[in-house]
Amino acid sequence: MYRYDEFDRTFVQERVAEFRDQVARRLSGELTEDQFKPLRLMNGVYLQLHAYMLRIAIPYGTLSSRQLRLLASIARDHDKGYGHFTTRQNLQFNWIALKDVPDILDKLAGVEMHAIQTSGNCIRNVTADHFAGAAADEAADPRPYAEILRQWSSLHPEFTFLPRKFKLAVIGAPNDRAAIQTHDIGLQVKRDETGSLGFAVYVGGGQGRTPMVARKLRDFLPEADLLAYCEAVLRVYNLEGRRDNKYKARIKILVHETGEAAFTEAVDAEFAALKGKALTLPADEVDRIGAYFASPAFASLPAQSDLYERAVKTDPAFARFASRNVHPHKIPGYGIVTISLKPTGQPPGDATATQMEAVADLAAHYGFDEIRVSHEQNLVLPHVRLDDIPAVFEALRAAGLATPNAGLVTDIISCPGLDYCSLATARSIPIAERLSERFADLDRQHAIGELKIKISGCINACGHHHVGHIGILGLERKGEEFYQITLGGSGDQICTIGEIVGRGFSSGEIVDAVETVIDTYLGLRTSPQETFLAAYRRVGEAPFREALYAAAG
Amino acid sequence: MAKRPKTFHPVVATANDLPTGAVVFRHPDGDWSGDIAAAEIATTPEQADALLAHAQADQGPGNRIVDLALIEVVREGAFVRPTALRELIRTSGPTIALPADGRPAGH
Amino acid sequence: MPLFRNGRFEDDDWQIPAGDAPLPASGKVAVPKARFLAEREALRGRNAPVGVLLTAGDTLDDIVPDLPRLGLVVISFPKYADGRPYSLARLLRDRHGYVGELRASGDVLRDQVALMLRAGFDALDVTHAGTVAALREKRIVAVRHHYQPASAEASETRPDPRPWRRVSAALS
Ligand code: SF4
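Residues numbered from 1 in each chain as written. Chains lettered and ligands numbered in written order. Predicted model: local features only at pLDDT ≥ 70, side-chain atom pairs only at ≥ 80, totals over all residues. Heavy atoms only, no water.

Named according to an unreviewed UniProt entry, chain B is Sulfite reductase originating from Rhodoplanes roseus.

By the naming in an unreviewed UniProt entry, chain A goes by Sulfite reductase and is assigned to Rhodoplanes roseus.

Of regular secondary structure, chain A possesses 18 helices and 21 strands. In terms of overall size, chain A behaves like a compact globule, its C-alpha atoms giving a radius of gyration of 23 Å where 553 residues would be expected to give roughly 24 Å. By its C-alpha atoms, chain A is 60 × 60 × 55 Å across when sized along the principal axes. Counting over 553 residues, chain A shows a buried share of 65%. (Helix = DSSP H or I, 4+ residues; strand = E, 2+ residues; numbered from the N terminus. Rg over C-alpha atoms; globule rule 2.2 N^0.38 Å. Buried < 20%, exposed > 50% of the residue type's maximum accessible area, 1.4 Å probe, protein only.)

This part is about the overall build of chain B. Each helix and strand counted, chain B has two helices and five strands in total. When the helices and strands of chain B are placed in sequence order, the string is β-β-β-α-β-β-α. Burial analysis of chain B (107 residues in total) assigns 38% to the buried set. Within chain B, residue pairs in contact and separated by at least 24 positions form 54% of the contacts whose partners lie at least 6 positions apart. (Contact = heavy atoms within 4.5 Å.)

Next up on the list: the UniProt feature "domain: Nitrite/sulphite reductase 4Fe-4S" (unreviewed entry) in chain A. Residues and elements named next belong to chain A. When the UniProt feature table is mapped onto this chain, "domain: Nitrite/sulphite reductase 4Fe-4S" (unreviewed entry) is found at residues 119-271 and 409-547. The distance separating the terminal C-alpha atoms of residues 119-271 is 27 Å; by composition the span is 30% helix and 18% strand. For residues 409-547, helix accounts for 35% and strand for 19%, while the C-alpha atoms at its two ends are 19 Å apart. (UniProt positions renumbered as here; feature names shortened; annotations may be inferred.)

Okay, the sheet that holds strand 2 (residues 23-26) of chain B next. Residues and elements named next belong to chain B. Spatially, the five strands line up as an open sheet ordered 3-2-1-4-5, and their pairing is antiparallel. Since the sheet does not close on itself, it has two edges, and those belong to strand 3 (32-33) and strand 5 (79-82), each with one partner. Here two bridges tie strand 2 to strand 3, and the two strands are oriented antiparallel to one another. Across the sheet, residue F25 finds its bridge partner in strand 3, namely S33. (Pairing = 2+ DSSP bridges.)

All names here are of chain A. Along its sequence, chain A is organised into domain 1 (6-57 + 83-110), domain 2 (134-291), domain 3 (306-398) and domain 4 (413-552). Relative placement of domain 1 and domain 2: their C-alpha centres are 27 Å apart. Taken together, the contact between domain 1 and domain 2 spans four residues of the former and seven residues of the latter. A combined buried area of about 520 Å² lies between domain 1 and domain 2, and 66% of that area is made up of carbon and sulfur atoms. On the domain 1 side of the interface with domain 2, the three residues burying the most area are F11, M42 and R88, jointly 75% of the side's total. Joining domain 1 to domain 2, the criterion identifies zero salt bridges. Scanning the region where domain 1 abuts domain 2 turns up two residue pairs in polar contact (both at pLDDT 80 or more). Broken down by class, the residue content of the side of domain 1 that touches domain 2 amounts to two nonpolar, no polar and two charged. (Domains from an automatic or database assignment. Buried area = accessible area lost by both parts, 1.4 Å probe. Salt bridge = Lys/Arg side-chain N within 4 Å of Asp/Glu carboxyl O. Polar contact = N/O pair within 3.5 Å; in protein donor to acceptor, adjacent residues only side chain to side chain. Nonpolar A, V, L, I, M, F, W, Y, C, P; charged D, E, K, R; others polar.)

All names here are of chain A. Grouped together as the largest cluster of nonpolar side chains are 161 residues, with contacts concentrated most on L71, L149, F166, I185 and L381. Among the elements that make up this core, the one with the highest residue count is helix 6 (residues 226-240) (ten residues). When residues no more than four places from it in sequence are discounted, the contact partners of L149 are V126, L168, V170, L187, L226, L227 and C230. Counting 31 residues, the second largest nonpolar core, distinct from the first, contains F439, I455, Y483 and Y549. (Core = buried A, V, L, I, M, F, W, Y, C linked by side-chain atoms within 4.5 Å.)

Let us now look at the pairing of strand 5 (residues 91-96) of chain A. Residues and elements named next belong to chain A. In terms of burial, strand 5 is a largely internal element, six of the six residues being buried. Examined bridge by bridge, strand 2 (residues 52-56) and strand 5 share four bridges and lie antiparallel to one another. Across the sheet, I56 pairs through a bridge with L91, a residue of strand 5. Linkage of strand 4 (residues 82-85) to strand 5, two consecutive antiparallel strands, is achieved through a turn of five residues, within which Q89 is found at a positive phi near 65°.

Before going further, it helps to spend a moment on unusual backbone geometry. Residues and elements named next belong to chain A. At A179, a position not held by glycine, the phi torsion is positive, near 55°. Structurally, A179 is set in the loop between strand 7 (168-171) and strand 8 (185-191). Overall, A179 belongs to the buried group, its relative accessible area being 6%. Unlike most non-glycine residues, Q377 shows phi in positive territory, near 70°. In this structure Q377 comes out as buried when scored by relative accessible area, which is 1%.

If you check the shell around the ligand, you find C415, P416, G417, C421, L423, A424, G457, C458, N460, A461 and C462 of chain A and nothing else. In terms of residue class, the shell around the ligand is made up of eight nonpolar, three polar and no charged. (Near = heavy atom within 4 Å.)

Further remarks concern the environment of S323 of chain A. All names here are of chain A. Mapping S323 onto the fold places it in helix 11 (residues 316-325). Put simply, S323 and E309 are 14 residues apart on the chain and 12 Å apart in space, counted from C-alpha to C-alpha. In this structure the side chain of S323 is engaged in a polar contact, spanning 2.9 Å, whose partner is the backbone oxygen of R320.

Opposite the 40 residues of chain A that make contact, chain B presents 29 residues. The junction of chain A with chain B conceals about 2,700 Å² of combined surface from both sides, 60% of it contributed by carbon and sulfur atoms. A per-residue breakdown of the area chain A buries against chain B is headed by L47, L49 and H50 of chain A, which together make up 19% of the total. Of the charged contacts in the structure, one is a salt bridge between D101 of chain B and R76 of chain A, with a shortest N-O distance of 3.0 Å. The interface formed by chain A and chain B includes eleven residue pairs in polar contact (both at pLDDT 80 or more). Split into classes, the residues belonging to the side of chain A that touches chain B amount to 19 nonpolar, ten polar and eleven charged.

Take the two pairs of chains in contact: the one carrying the most contacts is chains A and C. One finds no contact linking chain B with chain C; the least C-alpha distance across the pair is 15 Å.

Our focus in this paragraph is the interface of chain C and chain A. Tallying the contact residues gives 34 residues for chain C and 46 residues for chain A. When chain C packs against chain A, close to 3,600 Å² is buried across both sides, 58% of that on carbon and sulfur atoms. Summed over the shared surface of chain C and chain A, the number is ten salt bridges. Note that D5 of chain A and R165 of chain C form a salt bridge whose closest N and O atoms lie 2.8 Å from each other. Put simply, chain C and chain A have 21 residue pairs in polar contact (both at pLDDT 80 or more) between them. Where the side of chain C that touches chain A is concerned, the elements lending two or more residues are helix 3 (84-95), helix 4 (113-118), strand 8 (145-146) and strand 10 (166-168) of chain C. When the residues that make up the side of chain C that touches chain A are grouped by side-chain class, the tally is 16 nonpolar, seven polar and eleven charged.

All names here are of chain C. Spatially, 2-1-7-6-5-4-3 is the arrangement adopted by the seven strands of the open sheet, whose pairing is mixed. Of all the strands in the sheet, just strand 2 (8-10) and strand 3 (29-32) have a single pairing partner and so form its edges. Put simply, the sheet's adjacent strands are angled 25° from each other on average, direction ignored. Here two bridges tie strand 6 (residues 101-106) to strand 7 (residues 123-125), and the two strands are oriented parallel to one another. The residue of strand 7 that forms the bridge with A104 is L124. The strands that helix 3 touches are strand 4 (50-55), strand 5 (70-77) and strand 6; relative to strand 5, the one it contacts most, it runs at about 160°. (Axes fitted to C-alpha atoms, helices over the stretch in contact; angles between N-to-C directions.)

Written out as structure tokens, the structure reads:
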């Protein structure tokens, strides 16, 4: 992974000093809350319902065991002993005191971490495929480009006060595990016919009140032009994006209102002027950054592990874990292990300090010291020998982290909702908890198969409900929470916005309603191999709507 | 939030403590603490205006509080309870069990 | 209004007539873009430098031909969170080669000063008392190490062979 040199260290220390000064001025009364708010947001500090929340950047979701241990110690020393992994591969602490934040940032700087640009109307933490560098289907590693973009966008003097937040994601595989088409800029690293590296560039995706799938502006942007092109897109957006209405300020609205052709023309004109100048990526700089992401020293192993196969045969619990939480690795004899943060009846994405330490130990012992955070709010050990996976499984089980539900109905994405978030219109975590209890039976989950439920506590859609196979949006009417269901959304390479099926459901009804949808699917699928999404795409919403609303008349 | 509702319900002044973010309520003596039962309850629109004015003054130099609002409450015996779910959650904490560090393995 | 220019507070040698007030007979004068376009010929006839006032949201297209002759461009920040002036400044400096004074006015606060200077501003009209004091007393704490080239290349150094790293001079 990327390691700081003296320059990077100084940069982060200067930023901590700057923020320390800003906090001191706020606490002394020199800054009003109105003046301070954008400054604290730019450094990941929100004021939530009960306390301040601090969001810490985990660039493209990559952590070392040392970093994860430090996060655990912050959870203990400054919070209530746990943290929440977010859909942007970050970590947030919910019970932080503003006066402690500068000291926490100092501690983070000691392990090459920070909270820069985890909020605010700026370029946010760049996300990437959580299986990067490990996935069997990968054409090129997206992380070096994510790192180059992270550096370029850090305190960018021109793009610190954009009309609205701006999110970038990078993948290097045909299977999109980072939902790039829901991003302001989504990049897919690929090779052209001659073997040269470049990017398919998608612009203008987003969720929130007006969900939109990004448009593909370029099929192949040469590698060297990455930053010049991004700077061109950002400049057009910064100058032309709407600033009169927060709900119309994202770049997706600009692309939509300008029209794809005119928008592309404006970007191309800007790009033509920037191309070939200071921002051109020199090959040796790409190589220098790329070297940080060189593969660890993999052993040469047989593709099959007897130990692993025996465990699959003899231990049904392990077999279940292997079938859902172990993914194929590009190197024979290795696997990718997903650590589910979705145990039955618990808040999705939360991990206690003790659990973080357990994962850090496993990464150090079995996984080349690497941990990933997925946008699905799970953790990943990207490089584990198949021989070691049974032992990893036992250790995870002891830590309460071995739920074999990756990609299943209880692997629910949920935003914090009204239990924490000051913008929420309804609670989301209790719905997730009740759903995971309803579907707790593992045989039933495995029989249902691949199914993504995503829950947001308001239209801001941090829980990505628009791209859930089943999406749930929490709203409020006359003081009561109610929940709207969308069906058929998907954030992968065939990106689709889910469709609203009909009137919403009360908090008491929503779990039954989801079960009705799932039973309907089970009744109409052509075979157990036909996933919920495939079935929905085949039959449309009608059978589901009928099942949901027929009884009510 | 500070707007006066059409039919008047009793209100208290609430905010977050600036240095810690903790939820606090204004007491009759001008103190702010997390104890809603000790909060000053304004039972008429005039009292509400006065309460708001005092609370706003507390935001001034010294800057002890942020995100000030008047919220509706009902009194139930010795208890004072906000009427809106959001404010109830602000007052009493998340409605879910918080993850307990060192909890036994979940098997 | 205190004018912070080239690293210190200086007297403002420019006159900015209010509204439609007649132009002063002599001396450096700057007018809003609309007036500049309407009175372009008259302004050209003066034998003193001329400047233009822009605000966030203005475009540069119609003044580009005049830039080589302009001595001052002022860009106003209606709110400090309005980021458009940064792009306008960079376009003026990098795209159009504007070399005259580039002044930020409006909501200019200390926490943005370093960004403004990197975007190509070299003068700041400061009304905010705390910002004036902080600049005077050299109490501005800002990040000096940067990951991207911007529009202050002449005043920034390159700390190592990396293509985009820059270090700017201390503000205090
Ligand atoms: S979706 Fe709404 S409720 Fe959920 S975290 Fe985002 S802003 Fe808060």
